[in-house]
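# Chain and residue survey
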Amino acid sequence: MSDTYRIVAMSTALSPVSHMSGTEGNEAILNRECVMTETGRRFVPVLSGNAIRHRMIREPAGLHLIHECGLAGKINKRAANFFLHGGSLSESTARVDLNAKMEMKERMPFVRLIGGALPDAIEEGSLRVDQGVLCCRENASRIGAISGLGAPSYLRSAEDFVGGWQYTRSDAARNEPDVIDRRQPDDDESNLMIYSGQNVIPGATFIHGFTLEHAGPLEVGCLLMGISLWLSAGGHIGGMASRGHGKLDTRLLLPDGIDGQLLIDTYIEHVRANVEWVAAWTERTFSSVAKQAKATKAKKGAINVGDATLEGIG
Amino acid sequence: MSIQVITPPPSFDANAWRLQLAGLTDPDYSTGKDDNRSKEEHKQWAINLCLACCELFGEDLDRMTLWDRIPSAMATASVKCGDGDIDQFVSLCLDHIKADSAKAARNDRVVALLMGASDKPITWRQGLVRYIVQHSFAIVAYGRRDWEVVKNDRKNGGEA
């Protein structure tokens, strides 16, 4: 039986969040979206749905599936990219085998939830991920609607939640000159660099959510498990995690009647019951394509079917 | 592979949501209007602080460094006074420019600065410190402009 589930999430920054849109010179610029407010257009920091989807769900749930099914170290790059990054369509002609497709979806709630590009078909997932909307004055009306719990209009301005950081990359010639053999040819250019960036300050809160359309309890279990694994691995989002940035405290508002623990346990049991099938499916789906692509490339020399790109023409 | 027990993510409810947002509200804007009145007051206060620092700039210091010392005074004081303690903020600034304490006590601008901030709510005072951090270059530019006016007035025998 399928249903539509709506799960609201509240993520509070525990460390500076450096979810960037790019750099200007040596300064990293925060990812922002343009919001229309009563006083005109404002650019407000935002967590992209793409980052949330990957970090909180696809990567942890994909890794779980790989490890649980004993696939770690045994799958090719195509399969790994499918499980962890959504894969890419690589065959020029799509094949639709409805029975096989239905079995895959039944055996792998992970695919049913988050979808992905198989070599010969794109599978749409049931998951719709919201952007992380900063709880600030500019977003007041939106966060009330997203949370379904209302919000006061006199929140602080978005700029009150924006801070900055600055780090220094040092130069070995200056700090540890004794380790360098000066006789060896080298340039005299200094490695010293000051680099800086903007961040959303700790304490700021984002509201976001997950909608599962026509989904079943196994997909909800997969989603909850992914978020749990992500949280237990540190719960980071955005860049500079190696320097402690991007740690979030994420809490969920589950629909009534949902037992999170039961759903997670049921999903894990389901995965364990299908270990052999998933392993065989992975081998069947990705290894044969890789062999075929290699053979075709060797034969034709010019057309790389595997990447769906033309090479060596002219 | 070791057996890992995966527990659900922590949850929140409507009450927790309201408490969370209560900590993110801005009493300055409780009417819902973005009227910029506080920002104007912060700007004028910061400019007046620049003028006070010009008047009390330590005699041991090179006056050529006036507009280096004043922004560095405000920058270092801001870091320590994010809680909105304006008395401490002014003291740290004057200390940084090596002001004479007796002259500072007699300076009308300093007294006006302290009195002007003391009856303001804590959010206004914290906002002032935040404003100074975020507008340091503009404050110095306005401060220098107004200091030139004060000097000219004094040259022409007027009261500044």
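Below, the structure is looked at part by part. (Residues numbered from 1 in each chain as written. Chains lettered and ligands numbered in written order. Predicted model: local features only at pLDDT ≥ 70, side-chain atom pairs only at ≥ 80, totals over all residues. Heavy atoms only, no water.)

A word on the overall build of chain B. A count of helices and strands for chain B gives eight helices and zero strands. Each helix (α) and strand (β) of chain B, taken in turn from the N terminus, gives the series α-α-α-α-α-α-α-α. The buried share among the 160 residues of chain B stands at 36%. If you take every contact in chain B between residues at least 6 apart in sequence, the share linking residues at least 24 apart comes to 72%. Here chain B displays about 9200 Å² of accessible surface, and carbon together with sulfur accounts for 51% of that area. (Helix = DSSP H or I, 4+ residues; strand = E, 2+ residues; numbered from the N terminus. Buried < 20%, exposed > 50% of the residue type's maximum accessible area, 1.4 Å probe, protein only. Contact = heavy atoms within 4.5 Å. Areas by Shrake-Rupley, 256 points an atom, 1.4 Å probe, with all protein chains shown as cover.)

What follows covers a negative patch on the surface. Side chains of D186(A), D187(A), D188(A) and E189(A) sit close together on the surface and give a patch of like negative charge. By secondary structure assignment, the location of E189(A) is in the loop between α6 (172-175) and β11 (193-200). (Patch = residues over 30% accessible without salt bridge, like charges linked within 9 Å, V, L, I, M, F, W, Y side chains within 5 Å. Salt bridge = Lys/Arg side-chain N within 4 Å of Asp/Glu carboxyl O. Lys, Arg positive; Asp, Glu negative; His and termini not counted. Charge placed at Lys NZ, Arg CZ, Asp CG, Glu CD.)

This part takes up the packing of helix α2 (residues 37-56) of chain B against helix α7 (residues 122-134) of chain B. How two helices sit against one another is set out by the angle between their axes and by the gap between those axes. Residue and element names in this part refer to chain B. Relative orientation of the contacting elements α2 and α7 amounts to 65°, with a least axis distance of 9 Å. Classified by chirality, the crossing of α7 by α2 is right-handed. On α7, the residues touching S38, K39, E41, H42, K43, W45 and A46 of α2 are W124, G127, L128, Y131 and I132. The residue makeup of the contact of α2 with α7, split by class, is six nonpolar, three polar and three charged. (Axes fitted to C-alpha atoms, helices over the stretch in contact; angles between N-to-C directions. Left-handed = near helix turned anticlockwise from the far one by under 90°. Nonpolar A, V, L, I, M, F, W, Y, C, P; charged D, E, K, R; others polar.)

The next thing to look at is the packing of helix α4 (residues 86-96) of chain B against helix α6 (residues 108-118) of chain B. Residue and element names in this part refer to chain B. Interaxial distance between α4 and α6 falls to 9 Å at its minimum, and their mutual angle equals 155°. It follows from the interaxial angle that α4 and α6 lie roughly antiparallel. Considering how the two elements wind past one another, α4 and α6 form a crossing that is right-handed. Side by side, α4 and α6 meet where I86, D87, V90 and L94 of the first sit next to V110, L114 and A117 of the second. Class assignment for the residues of the contact of α4 with α6 results in six nonpolar, no polar and one charged. (Parallel < 35°, antiparallel > 145°, perpendicular 65-115°, else oblique.)

Take the packing of aromatic side chains next. All names here are of chain A. What the rule picks out here adds up to ten aromatic pairs over all chains. Pairing F82 with W281 gives two aromatic rings, centres 5.9 Å apart and planes at 55°, and the pair type is tilted. Here W281 lies in helix α9 (residues 275-300) and F82 lies in helix α2 (residues 77-85), a separation of 199 residues in the sequence. What makes F82 buried here is its relative accessible area of 0%. Taking the relative accessible area as the measure of exposure, W281 reaches 6% and is therefore buried. Judged by centre distance (6.0 Å) and plane angle (80°), the ring pair of W165 and Y195 falls under edge-to-face. (Phe/Tyr/Trp six-rings, centres within 6.5 Å; stacked < 30°, edge-to-face > 60°.)

How large an interface is tends to be reported as the accessible area lost when its parts come together. If you look at the interface, chain A gives 43 residues, while chain B gives 23 residues. Each partner contributes to the roughly 2900 Å² buried at the junction of chain A and chain B, and carbon and sulfur atoms together form 63% of this total. There are one salt bridge connecting chain A and chain B. Notably, a salt bridge pairs R130(B) with D160(A), separated by 3.2 Å at the nearest N-O pair. Viewed at the interface, chain B and chain A are joined by nine residue pairs in polar contact (both at pLDDT 80 or more). Sorting the residues of the side of chain A that touches chain B by element identifies β1 (3-13), α1 (49-68), α5 (140-147), β12 (205-215), α7 (217-232), β13 (248-253) and α8 (260-273) of chain A as the ones contributing at least two each. (Buried area = accessible area lost by both parts, 1.4 Å probe. Polar contact = N/O pair within 3.5 Å; in protein donor to acceptor, adjacent residues only side chain to side chain.)

Below, the discussion takes up the pattern of salt bridges. All names here are of chain A. For the structure on display, the rule yields 21 salt bridges over all chains. The closest approach of N and O atoms between R142 and E33, which form a salt bridge, is 2.6 Å. Highlighted residues: R142 in helix α5 and E33 in strand β4 (residues 32-37), separated in sequence by 109 residues. Taking relative accessible area as the criterion, R142 reaches 28% and is therefore assigned partly exposed. Classification of E33 as buried rests on a relative accessible area of 14%. Across the pair E68 and R272 runs a salt bridge, and its minimum N-O distance is 2.7 Å. Highlighted residues: E68 in helix α1 and R272 in helix α8, separated in sequence by 204 residues. Residue class for E68 comes out buried when judged on its relative accessible area of 17%. Among the charged side chains, a network of salt bridges with common partners joins K101, K105 and E123.

Residue and element names in this part refer to chain A. Pairing is mixed in the open sheet, where four strands are placed in the order β2-β3-β11-β10. Sheet topology places β2 (20-24) and β10 (162-169) at the edges, where each strand pairs with a single neighbour. Neighbour to neighbour, the strand axes of the sheet diverge by 20° on average, direction disregarded. Bridge analysis of strand β3 (residues 27-30) against β11 gives two bridges, and the strand direction is parallel. Bridge assignment links E27 to a residue of β11, and that residue is S196. (Pairing = 2+ DSSP bridges.)

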